[in-house]
Amino acid sequence: MWYAIVGKDVPDSLEKRTVSRPAHVARLQTLQAQGQLLLAGPFPAVDSEDPGTAGFTGSLIVAEFASLSEAQAWADADPYVTGDVYSQVTVQPFRKTFPA
């Protein structure tokens, strides 16, 4: 089943994101290689593809896992969690409808 993982950043998270990003991206690349990643990306803090020093307010990951507990365990081990980038993470089931 697909699961939506939404992380909300701590204030002024850009420096922490920069430090943790390589390990965070590597985990996403692993999911992608295994065919488990539907989409992933950050929420810019301003209305721009490149928010510059404004940074980001969080991220969305939609990935396939065998269970909610497996998705939660994966999210809990994310470098953005362990690196204190995220102040809060929610994981919930997601049903992909479109595109078909």
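The present account deals with the structure reproduced in this document.

Rules of the game
Residues numbered from 1 in each chain as written. Predicted model: local features only at pLDDT ≥ 70, side-chain atom pairs only at ≥ 80, totals over all residues. Heavy atoms only, no water. Pairing = 2+ DSSP bridges. Helix = DSSP H or I, 4+ residues; strand = E, 2+ residues; numbered from the N terminus. Axes fitted to C-alpha atoms, helices over the stretch in contact; angles between N-to-C directions. Contact = heavy atoms within 4.5 Å. Buried < 20%, exposed > 50% of the residue type's maximum accessible area, 1.4 Å probe, protein only.

So, about the sheet that holds strand β3 (residues 56-64). Neighbouring strands of a sheet are bound in pairs by backbone hydrogen bonds; such pairs are parallel or else antiparallel. In spatial order, the strands read β2-β3-β1-β4; together these four strands make up an open sheet with antiparallel pairing. The open sheet terminates on both sides in strands that have one partner only, identified here as β2 (37-44) and β4 (86-94). Each strand axis lies, on average, 10 degrees off the axis of its neighbour in the sheet, ignoring direction. In this sheet, β3 lies alongside β2 in antiparallel orientation, the contact comprising seven bridges.

Among the structural elements, valine 62 can be located in strand β3. Sequence spacing of valine 62 and alanine 4 is 58 residues, and the spatial spacing of their C-alpha atoms is 4.5 Å. If sequence neighbours within four positions are ignored, valine 62 has contacts with Trp2, Tyr3, Ala4, Gln36, Leu37, Leu38, Leu39 and Phe94.

To continue, consider unusual backbone geometry. The peptide bond linking phenylalanine 98 to proline 99 adopts the cis configuration, its omega dihedral lying at -5 degrees. Position of proline 99 among the secondary structure elements: in the segment after β4. A positive phi is found at aspartate 12, a non-glycine position, where the angle reads about 55 degrees. Looking at where aspartate 12 falls in the secondary structure, it is placed in the loop between β1 (2-9) and α1 (14-33). A relative accessible area of 77% means that aspartate 12 is categorised as exposed. Positive phi is not limited to glycine here, since aspartate 84 has a value of about 60 degrees. Secondary-structure assignment places aspartate 84 in the loop between α3 (79-82) and β4.

Just geometry here; none of it tells us what the structure is for.
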